[in-house]
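Here are the chains, one letter per residue:
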Amino acid sequence: MLNTLKILYHQGKQFIPDLTTARVPGIFRGRPEISLELADSSALAECCPTNAIMTDPVRIDLGRCTFCGECSRLFPGKISFTTDYKLSANERNSLIISEGSVAPVTIDPNHIRKEIRNSFRGSLKLRQVSAAGDNSCELELNACGNVNFDMGRYGIEFVASPRHADGIVITGPVSKNMSRPLQMTYDATPSPKIIILAGTDAISGGIFEGSPALDRRFIEENHIDLYVPGNPVHPLTFINGIVDLLGIR
Ligand code: SF4
């Protein structure tokens, strides 16, 4: 009994009491901030392996950023990364961070489809599709259901079959081989249904963008309800994104 109490004391709380205000360690790279300091903008753009940095004015596209940190290492006065993990948005353009902006990334309530909050506020079941993913985002999505993050507290869960799901979560850049299974999974999901893109690869193709091995027509032709940046996504980014989309705070 004494040993058990010692272990409990040593381990502390095994869950995060409030997922919307949890803090993450300083090494985490979340929302970047771009100062108004002058910098060689072409060198800045060239240092980015995924063309996530645009110039005049300087902007970073979180849908392309791999959060490698190279830009902040080479231009520390110009670019820094905060620990703000609330990066999810329902508009693709909201993922672009502009020079001088310290505003958080938010969900635009005017662009949420009406049936999403009407149908899924109390319960949202999701089928995950790894469309040529590298298992990093998939691992983090698994972590969303563990005892620490416990997204089930909001009624959000992953299910084994698209026929039991309210939507799909896509990870990976979507290879040609996975384009048909992805479409079949979506078709097997009953309406109304939502589409979530989790991770840089899913949002833009990431380092594989433009590769002939990809077939991203599904992403281009369907309405995306939630973009969750990260490489891989952090569970807090994913959970807070859905919580904000559903309005269940
Ligand atoms: S952290 Fe993002 S924007 Fe900066 S160099 Fe890496 S991929 Fe590019």
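Please refer to the structure placed before this passage.
Residues numbered from 1 in each chain as written. Predicted model: local features only at pLDDT ≥ 70, side-chain atom pairs only at ≥ 80, totals over all residues. Heavy atoms only, no water.

Comments concerning the overall build of the protein chain
1) Next: When helices and strands are counted, the protein chain shows nine helices and 10 strands.
2) Next: Its C-alpha atoms give the protein chain a radius of gyration of 19 Å, within 12% of the compact-globule value 18 Å for 249 residues.
3) Next: Out of the 249 residues belonging to the protein chain, those deemed buried represent 48%.
4) Next: Within the protein chain, residue pairs in contact and separated by at least 24 positions form 78% of the contacts whose partners lie at least 6 positions apart. (Helix = DSSP H or I, 4+ residues; strand = E, 2+ residues; numbered from the N terminus. Rg over C-alpha atoms; globule rule 2.2 N^0.38 Å. Buried < 20%, exposed > 50% of the residue type's maximum accessible area, 1.4 Å probe, protein only. Contact = heavy atoms within 4.5 Å.)

Quick word on the packing of aromatic side chains
1) Next: As enumerated under the stated definition, the model contains three aromatic pairs in all.
2) Next: Judged by centre distance (5.3 Å) and plane angle (75°), the ring pair of Tyr-186 and Phe-218 falls under edge-to-face. In this pair, Tyr-186 is assigned in helix 6 (residues 176-188) and Phe-218 in helix 8 (residues 217-221), connecting sequence segments 32 residues apart. The pair formed by Tyr-186 and Phe-218 is uniform in burial state, with each residue classed as buried.
3) Next: The ring of Tyr-186 carries the charged tip of Lys-193 above its face, separated from the ring centre by 4.1 Å. (Phe/Tyr/Trp six-rings, centres within 6.5 Å; stacked < 30°, edge-to-face > 60°. Lys NZ or Arg CZ within 6 Å of the ring centre and 35° of its normal.)

Remarks on the sheet that holds strand 7 (residues 156-158)
1) Next: Strand order across the open sheet formed by five strands is 7-6-8-9-10, with parallel pairing between neighbours. Looking along the sheet, the strands with just one partner apiece sit at the ends: strand 7 and strand 10 (226-228). For this sheet the average axis-to-axis angle between neighbouring strands, irrespective of direction, equals 25°.
2) Next: Alignment of strand 6 (residues 124-130) against strand 7, held across three bridges, turns out to be parallel. (Pairing = 2+ DSSP bridges. Axes fitted to C-alpha atoms, helices over the stretch in contact; angles between N-to-C directions.)

What about the sheet that holds strand 5 (residues 96-98)?
1) Next: Taken in spatial order, the three strands of this open sheet run 2-3-5, and their pairing is antiparallel. Whereas interior strands pair on both sides, the edge strands pair on one side only; in this sheet they are strand 2 (53-54) and strand 5.
2) Next: Bridge count for strand 3 (residues 59-61) against strand 5 is three bridges, and the pairing is antiparallel. Paired with Arg-59 across the bridge in strand 5 is Ser-98.

Details of the pairing of strand 6
1) Next: After leaving strand 6, the chain enters helix 5 (residues 136-143) and then returns to the sheet as strand 7, a path that is right-handed.
2) Next: Pairing of strand 6 with strand 8 (residues 167-171) involves five bridges; the strand directions are parallel. If you follow Ser-130 over to strand 8, its bridge partner there is Thr-171. (Right-handed = clockwise from strand over helix to strand, strands pointing away.)

Description of the pairing of strand 9 (residues 194-198)
1) Next: Across the five residues that make up strand 9, a large majority, five, are buried.
2) Next: Judged by which residues are buried, strand 9 turns out to be covered on both faces: Ile-194, Ile-196 and Ala-198 on one side and Ile-195 and Leu-197 on the other are all buried.
3) Next: For strand 8 and strand 9, the ladder comprises four bridges, and the chain directions are parallel. Bridging from a neighbouring strand, Ile-170 pairs with Leu-197 of strand 9.
4) Next: The handedness of the strand 8 to strand 9 crossover, carried by helix 6, is right-handed.

Some details on unusual backbone geometry
1) Next: Looking along the chain, the bond that leaves Asp-56 and enters Pro-57 is cis, with omega of -5°.
2) Next: By the secondary structure assignment, Pro-57 is in the loop between strand 2 and strand 3.
3) Next: In this chain, Asn-231 is followed by Pro-232 through a cis amide linkage whose omega measures 5°.
4) Next: The topology assignment puts Pro-232 in the loop between strand 10 and helix 9 (235-246).
5) Next: Positive phi, close to 60°, is recorded for Phe-67, a residue that is not glycine.
6) Next: With respect to the helices and strands, Phe-67 occurs in the loop between strand 3 and helix 3 (70-74).
7) Next: Overall, the relative accessible area of 9% leaves Phe-67 in the buried class.
8) Next: Of note, Asn-135 is a non-glycine position whose phi angle comes to about 80°, a positive value.
9) Next: Take Asn-135: it is sitting in the loop between strand 6 and helix 5.
10) Next: On the basis of relative accessibility, which here comes to 44%, the residue Asn-135 falls in the partly exposed class.

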